[in-house]
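Structural overview
Each chain, letter by letter, is given below.
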Amino acid sequence: MDKHARIYVAGHRGMVGSALVRELNAHGYRDLVTRTHSELDLTDQHEVNSFFHDARIDVVLLAAARVGGIMANATQPARFLYENLAIETNVIHAAYRASVARLVFFGSSCIYPKLCPQPIREEYLLSSALEPTNDAYAIAKIAGLKMCNAYNSEYGTHYVSLMPTNLYGPNDNYDPRGSHVLPALIRKAHEAKIARAPTLTVWGTGAPRREFLHVDDLAAATRFLLEHDVGEGVYNVGVGEDLSIRELAECVARIVDYRGELVFDATKPDGTPQKLLDVSRLASMGWRASIDLEDGIAKTYEDFCAHHCALEAASNG
Ligand code: GDP
């Protein structure tokens, strides 16, 4: 892809968008366009249309979304459906109307059925029922990828959809009301260590299995697809290996150096029993994730400490 392409990164303050900006800046892309939420409300169709009308964008990376962990999804289905559908329909349609030839839409591995054969291949989409704790988000994301496919076939665009597995990394959400399991455990273990708490509570039975991808790997996969001119289709992005929530909690406790006991609260939902992506489609094209989980968690914990300590200092001062 041309290094002078004008690339709009939607959602550049989020975990995925900020990783995309770092990756593209580091590789010489010089014409990145970003807008904060207050400059451009992506749920407002009129604002989105006028932005695309004026901005002369070549490529859109659609990383703006309402995201959250198992509790946020389960308790705010209206918000997850409305905001994600509004962002997708506004941005994809306005991009098409402004003749944007290339767009990358970011979804999630939770679009796949609850009891999918593992590892999950792209073609298992809509083969059986979804996991109820995140079906609002999943349905919105399925609509987004179907829109990309439909615009490609009806209007000749080149819009591609990436389905990353559970992500983690810098700029993650550590608020316990909305966070996913990995940032939640990093924060809980850190706070339990500081408080010298004898136990740390992990939600669910600890048995569900999840796969974790560092967001910098997702950004690298995105650049790979753009530079290899892959214009269409759905691609899983993961590492191809999973672990149980119990193993994850033990790993986080080790890295954070929390030495108390892990207690499992089975009154909290487990969600889908396993989510492991088949990553052979991207692998066959020559891309693989490279960040090891333990190294990635250790780096993420450093980042968490830097931000958390800054916040603590600010609230104490
Ligand atoms: P999911 O992958 O869509 O199910 O979303 P999450 O990342 O929120 O949760 C993954 C699994 O981790 C579920 O089985 C949760 O019950 C479990 N889990 C354990 N402790 C926590 C926690 O403190 N926060 C969250 N969000 N999940 C947790």
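Coordinates for the structure precede this section.
Rules used throughout
Residues numbered from 1 in each chain as written. Predicted model: local features only at pLDDT ≥ 70, side-chain atom pairs only at ≥ 80, totals over all residues. Heavy atoms only, no water. Near = heavy atom within 4 Å. Polar contact = N/O pair within 3.5 Å; in protein donor to acceptor, adjacent residues only side chain to side chain. Areas by Shrake-Rupley, 256 points an atom, 1.4 Å probe, with all protein chains shown as cover. Pairing = 2+ DSSP bridges. Helix = DSSP H or I, 4+ residues; strand = E, 2+ residues; numbered from the N terminus. Core = buried A, V, L, I, M, F, W, Y, C linked by side-chain atoms within 4.5 Å. Buried < 20%, exposed > 50% of the residue type's maximum accessible area, 1.4 Å probe, protein only. Contact = heavy atoms within 4.5 Å.

1. Notes on the site of the ligand
Near the ligand you find 17 residues, and of these Ile 70, Lys 188, Arg 210, Pro 269 and Asp 270 are the closest. Note that an oxygen atom of the ligand is positioned 3.2 Å from one of the side-chain N or O atoms of Asn 166. The backbone of Pro 269 places a nitrogen or oxygen atom 2.6 Å from an oxygen atom of the ligand. Contact with the protein chains hides 97% of the accessible area of the ligand, taken as 540 Å² for the molecule alone.

2. Quick notes on the sheet that holds strand β11 (residues 243–244)
The strand order across the open sheet formed by three strands is β11-β8-β13, and the pairing between neighbours is mixed. The sheet is open, and its two borders are formed by β11 and β13 (274–275), each paired with just one other strand. Here strand β8 (residues 209–210) runs beside β13; their pairing, made up of two bridges, is parallel. Within β13, the residue paired with Arg 210 across the bridge is Lys 275.

3. Brief notes about the nonpolar core
Ranked by size, the top nonpolar core spans 36 residues in total, and within it Tyr 8, Leu 42, Phe 52, Ile 57, Val 60, Leu 62 and Tyr 112 carry the most contacts. Counting only elements with at least two residues in this core, the list comes to β1 (7–10), α2 (45–55), β3 (59–62), α4 (77–97), β4 (102–106), α5 (135–155) and β5 (158–164). Among all residues touching Ile 57, those that are not within four sequence positions of it are Arg 6, Tyr 8, Val 33, Phe 51, Phe 52 and Val 100.

Scope: geometric values only; no functional claims are made or implied.
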